[in-house]
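Listed below, chain by chain, are the residues.
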Amino acid sequence: MSKHADKTYTPPPDKAITHRALIIAALADGTTRVFNPSICEDTLATAACLKKLGIRIKFSKTSLQVKGLGLKGLKKPAGPLNAGQSGTTMRLMAGVLAGQDFDSVIKGHGSLLKRPMTRLTKPLSAMGARVSSSGGRPPLKISCAPLTGACLKLSVPSAQVKSAALLAGLYAGGRTSVTERVKTRDHTERLLKHLRAKIKTSGLKTVLEPGALKAGRIKIPGDISSAAPFIAAALLLGRTLLIREVGLNPARLGLVKTLQRMGARLKVKVKRSGPEPVGEIIIFPAKLKGVKIAPDEIPAMIDELALLALLAASAKGKTVIRGITELRHKESDRIKTTSALLRRLGVKAAFKTDSLTITGPQKLLGGGSIETFNDHRVAMAAAVGSLLAEKPVKIKNAGCVKKSYPGFFHDFKKVFQ
Ligand code: S3P
């Protein structure tokens, strides 16, 4: 343990990177070993879809072996694929399915049925794909059609949509270029490159040439989004905490950078790189102050905004977070559900269509039960809030954390009790 830290915590493996590792390995020639994979409801949904397409995945205690069948090796599934409640599974798999020489259907359930798909079907259609949704929502029907390269400009900042276009691009007749308005997580680009795709990113533009992938070894770092509630709780309780083996991809560090601007003492150290930077974060006690957050800063902390709201409530002064509309399209409408969470904890916040203002410091009163709306990120933020609340709170349907982090409550108790 570091000489500075009261406690050490190692987050579970990164969910977003594991989805991509499974899919990209399945499309490569040969067997890829994925070390330290995330095993949760969402990644298991991706694995199940790939198995239905004929991919063999062998699970061992700390790694997975994916027998890639090459770009042309997937088999027509016997029935619809099921993405469960995983948006990443549905959108990334749609990119792959668009390139196959068979028709397919991918369905889902629960919260996934409400999530928007037009943002995905539009760019895929521009590449020649025949993808239809049910009034802009799942399920997706994908019919066999030749893909052409395209020059895509994405209007919605979404790593899932960008990734789907790049995966489809592997099958296109020519070059695909994808330009974003704001940088989103680039795990797909990094892993494609790692397995030898012809891909190049400069600034906001990524260019991919179609072509085969080669199997390799992939080590998944710890998930910064799963570590985020631990960062928030350590800061709110004034504890020193060392977070080890955590992914430090710059496009995921929005919360860390914002907290540093708020006066938090967070020491970030990259220990190794390739394909993803990995290292540690040490959190030292500090007083926070309110800041202004611009829309361009949101994608790098898109899954951490409920936590940021709690931290803003404890900070001195006004925090204004702008550009939050995308929150409406997560596992729950997180503008509504974060607002309900804050209200339940006794925090006053002003939500507008696209912004949130909180003036602190405020006490967290708590008392009674907190609804999670079946949203894993809301449940984890509620756990952080409950540590600080003056009156005990009960978190309803806390089991929804299984979506990304089945061991969350066990680990959280271990570090903070
Ligand atoms: C993800 C991208 C983000 C994020 C989600 C995971 C990914 O979604 O909120 O939890 O794996 O690419 P969007 O692409 O919809 O912003």
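Our subject is the structure listed above.
Chemist: Describe the overall build of the chain, naming the residues involved and giving the relevant values.
Modeler: On a plain count of helices and strands, the chain comes out with twelve helices and 22 strands. By the compact-globule yardstick of 22 Å for 417 residues, the chain fits well, its C-alpha radius of gyration being 21 Å. If one aligns the C-alpha atoms of the chain with their principal axes, the spans along those axes are about 60 × 45 × 40 Å. Taking contacts inside the chain between residues at least 6 apart in sequence as the whole, the part at least 24 apart equals 74%. Considering the chain, the positive charge centre built from 71 side chains and the negative charge centre built from 27 side chains are found 1 Å apart.

Chemist: Run through the packing of aromatic side chains, naming residues and quoting values.
Modeler: All chains considered together, the criterion is met by nine aromatic pairs. Between F408 and F409, the aromatic rings sit 4.9 Å apart at their centres with planes inclined by 80 degrees, giving edge-to-face as the arrangement. On the basis of relative accessible area, F409 is assigned to the partly exposed category, the value being 24%. Between F412 and F416, the ring centres sit 5.0 Å apart and the planes meet at 55 degrees, which makes this aromatic pair tilted. Of this pair, F412 and F416 are both found in helix α12 (residues 408-416), four residues apart, which corresponds to roughly one turn of the helix. According to the relative accessible area criterion, F416 is buried, its value standing at 7%. Aromatic rings pair up to connect Y9, F230, Y405, F408, F409, F412 and F416 into one cluster.

Chemist: Provide a residue-level description of a nonpolar patch on the surface, including the pertinent values.
Modeler: Taken together, the side chains of I39, L44 and F59 make up a nonpolar region of the molecular surface, amounting to roughly 250 Å² of accessible area. Position of L44 among the secondary structure elements: in helix α2 (residues 41-52).

Chemist: A description of the sheet that holds strand β14 (residues 241-247) should follow, citing residues and the corresponding values.
Modeler: Within the open sheet, the four strands sit side by side as β1-β14-β16-β15. Their pairing is mixed. The outermost strands of the open sheet, each flanked by one partner alone, are β1 (7-9) and β15 (265-272). The sheet shows a mean angle of 20 degrees between the axes of neighbouring strands, direction not considered. Sheet topology places β1 next to β14; three bridges connect them, and they run parallel. What sits directly across from T8, in β14, is L242. Here helix α7 (residues 224-237) sits on the sheet and contacts β1, β14, β15 and β16 (278-284); the angle it forms with β14, its principal contact strand, is near 165 degrees. Contacting β1 and β14, α12 runs over the sheet at an angle of about 165 degrees to β1.

Chemist: Go over the site of the ligand with me, naming the residues and quoting the values.
Modeler: The full set of residues close to the ligand is A16, R20, T88, R91, P157, S158, A159, Q160, R185, I302, D303 and K330. A distance of 3.1 Å separates an oxygen atom of the ligand from a polar backbone atom of A159. Here Q160 contributes a backbone N or O atom positioned 3.0 Å from an oxygen atom of the ligand. Protein contact buries 94% of the 380 Å² of open area that the ligand shows by itself. Residues that form the shell around the ligand fall into these classes: four nonpolar, three polar and five charged. Looking at the shell around the ligand, you find at least three residues from each of domain 1 (15-210) and domain 2 (251-260 + 288-416).

Chemist: Tell me about the sheet that holds strand β4 (residues 63-69), and name the residues and values.
Modeler: Ordered by their spatial adjacency, four strands build an open sheet running β3-β4-β2-β13, and the pairing between neighbours is mixed. At either margin of the open sheet sits one strand with a lone partner, and together these are β3 (56-59) and β13 (217-219). Within the sheet, the average angular offset between the axes of one strand and its neighbour, ignoring direction, is 15 degrees. Pairing analysis gives seven bridges linking strand β2 (residues 29-35) to β4, with the strands arranged antiparallel. Across the sheet, the residue bridging to R33 is Q65, located in β4. Relative to the sheet, helix α1 (residues 15-27) contacts β2, β3, β4 and β13, its axis offset from that of β4 by approximately 35 degrees.

Chemist: A description of the packing of helix α3 (residues 87-97) against helix α5 (residues 159-169) should follow, citing residues and the corresponding values.
Modeler: The contact between α3 and α5 brings their axes to 7 Å, and the two run at 25 degrees. Regarding the angle of α3 to α5, the classification is roughly parallel. The crossing of α3 and α5 is right-handed. Contacts from G87, T88, R91, L92, G95 and V96 in α3 reach Q160, V161, S163, A164, L167 and A168 in α5. Here the residues of the contact of α3 with α5 sort into six nonpolar, five polar and one charged.

Parameters and conventions
- Residues numbered from 1 in each chain as written.
- Predicted model: local features only at pLDDT ≥ 70, side-chain atom pairs only at ≥ 80, totals over all residues.
- Heavy atoms only, no water.
- Helix = DSSP H or I, 4+ residues; strand = E, 2+ residues; numbered from the N terminus.
- Rg over C-alpha atoms; globule rule 2.2 N^0.38 Å.
- Contact = heavy atoms within 4.5 Å.
- Lys, Arg positive; Asp, Glu negative; His and termini not counted.
- Charge placed at Lys NZ, Arg CZ, Asp CG, Glu CD.
- Phe/Tyr/Trp six-rings, centres within 6.5 Å; stacked < 30°, edge-to-face > 60°.
- Buried < 20%, exposed > 50% of the residue type's maximum accessible area, 1.4 Å probe, protein only.
- Patch = residues over 30% accessible without salt bridge, like charges linked within 9 Å, V, L, I, M, F, W, Y side chains within 5 Å.
- Areas by Shrake-Rupley, 256 points an atom, 1.4 Å probe, with all protein chains shown as cover.
- Salt bridge = Lys/Arg side-chain N within 4 Å of Asp/Glu carboxyl O.
- Pairing = 2+ DSSP bridges.
- Axes fitted to C-alpha atoms, helices over the stretch in contact; angles between N-to-C directions.
- Near = heavy atom within 4 Å.
- Polar contact = N/O pair within 3.5 Å; in protein donor to acceptor, adjacent residues only side chain to side chain.
- Nonpolar A, V, L, I, M, F, W, Y, C, P; charged D, E, K, R; others polar.
- Domains from an automatic or database assignment.
- Parallel < 35°, antiparallel > 145°, perpendicular 65-115°, else oblique.
- Left-handed = near helix turned anticlockwise from the far one by under 90°.

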